[in-house]
Amino acid sequence: YTEALRDSSSAGGLQKKVAQTELARDLKQAVWDDVFVVDVPLYSQFIKAAAVGQNFVLGLKIMAGRDLEAMDISGTSDPYVKIKMGDYAHKTQIIYKNLNPEWYEDFEMTISDMSQPLHISVWDNDMLGADDLIGEIFIRLDELMDVNPDKMQGSFNEWFTIKRDHKATGDVQLGFSFTAPENE
């Protein structure tokens, strides 16, 4: 140990190593402290519900799209959204000739597996031929809760980038609300 101290290039080098160690410890503590800002009882209700296969209700609002890719020769799109999660499937109304549509449509679904992805896809309605995929995103609710545990206390809105062939093709705004299972 004394040789290591003697071999260090200067006392400044040793002080730098000590400062880096203290900074690392402080950062770990700050991260640890942030973990416990979460409303643990509500969050744990969802985790317990998912673990034992209990159901809870997801309220989903398809709010708006922005900067969607134009799919029609006119330089616009006729977008609508498809929602799929497990056996649940639904779609919104079509908004004609609009790259920044507003749907504001509400959907409710019962969920028992939070790791099952919520598939949101935005499509361009075509009068002739098949509809064109503008873009899509897969959202795992358990990961969404891990990233935003403080938002699980009520409802929240968030913008998500949709992609097609690994290329961003616009954004979609979604609103989420969760209802925990009744305590037995």
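Above: the structure in question.
Residues numbered from 1 in each chain as written. Predicted model: local features only at pLDDT ≥ 70, side-chain atom pairs only at ≥ 80, totals over all residues. Heavy atoms only, no water.

A.B. asks: Could you give an account of the pattern of salt bridges, with specific residues and numbers?
C.D. replies: Side chains carrying opposite charge are able to pair once their charged atoms draw close together. With the rule as written, the count across this model stands at four salt bridges. Here Arg66 makes a salt bridge to Asp171, at a shortest N to O gap of 3.1 Å. Placement of the pair is Arg66 in strand β1 (residues 56-66) and Asp171 in strand β8 (residues 167-179), with a sequence separation of 105 residues. What makes Arg66 partly exposed here is its relative accessible area of 32%. In this structure, Glu69 engages Arg164 in a salt bridge whose closest nitrogen and oxygen atoms are separated by 2.6 Å. Taken together, the residues Glu69 in the loop between β1 and β2 (79-85) and Arg164 in strand β7 (residues 155-164) connect sequence positions 95 residues apart. We classify Arg164 as partly exposed; its relative accessible area is 21%. (Salt bridge = Lys/Arg side-chain N within 4 Å of Asp/Glu carboxyl O. Helix = DSSP H or I, 4+ residues; strand = E, 2+ residues; numbered from the N terminus. Buried < 20%, exposed > 50% of the residue type's maximum accessible area, 1.4 Å probe, protein only.)

A.B. asks: Go over the side chain of Asp171, please, and point to the residues and values.
C.D. replies: By relative accessible area, which is 14% here, Asp171 ends up buried. Engagement of the side chain of Asp171 in a polar contact is seen with the side chain of Thr161, the distance being 2.9 Å. Excluding residues that lie within four positions of it along the chain, Asp171 makes contacts with Ala64, Gly65, Arg66, Leu68, Trp159, Phe160, Thr161 and Ile162. (Polar contact = N/O pair within 3.5 Å; in protein donor to acceptor, adjacent residues only side chain to side chain. Contact = heavy atoms within 4.5 Å.)

A.B. asks: Tell me about the packing of aromatic side chains, and please be specific about residues and values.
C.D. replies: Applying the stated criterion across every chain yields a total of three aromatic pairs. Centre to centre, the rings of Phe176 and Phe178 are 6.5 Å apart; their planes meet at 5 degrees, and the pair counts as stacked. Phe178 carries the same exposure label as Phe176, and that label is buried. Here the aromatic residues Phe156, Phe160, Phe176 and Phe178 are joined through ring pairs into a cluster of three or more. When the ring centre of Trp159 is taken as origin, the NZ or CZ atom of Arg66, which lies over that ring, is 3.9 Å away. Taking NZ or CZ as reference, Lys91 lies 5.0 Å from the ring centre of Tyr80, over its face. (Phe/Tyr/Trp six-rings, centres within 6.5 Å; stacked < 30°, edge-to-face > 60°. Lys NZ or Arg CZ within 6 Å of the ring centre and 35° of its normal.)

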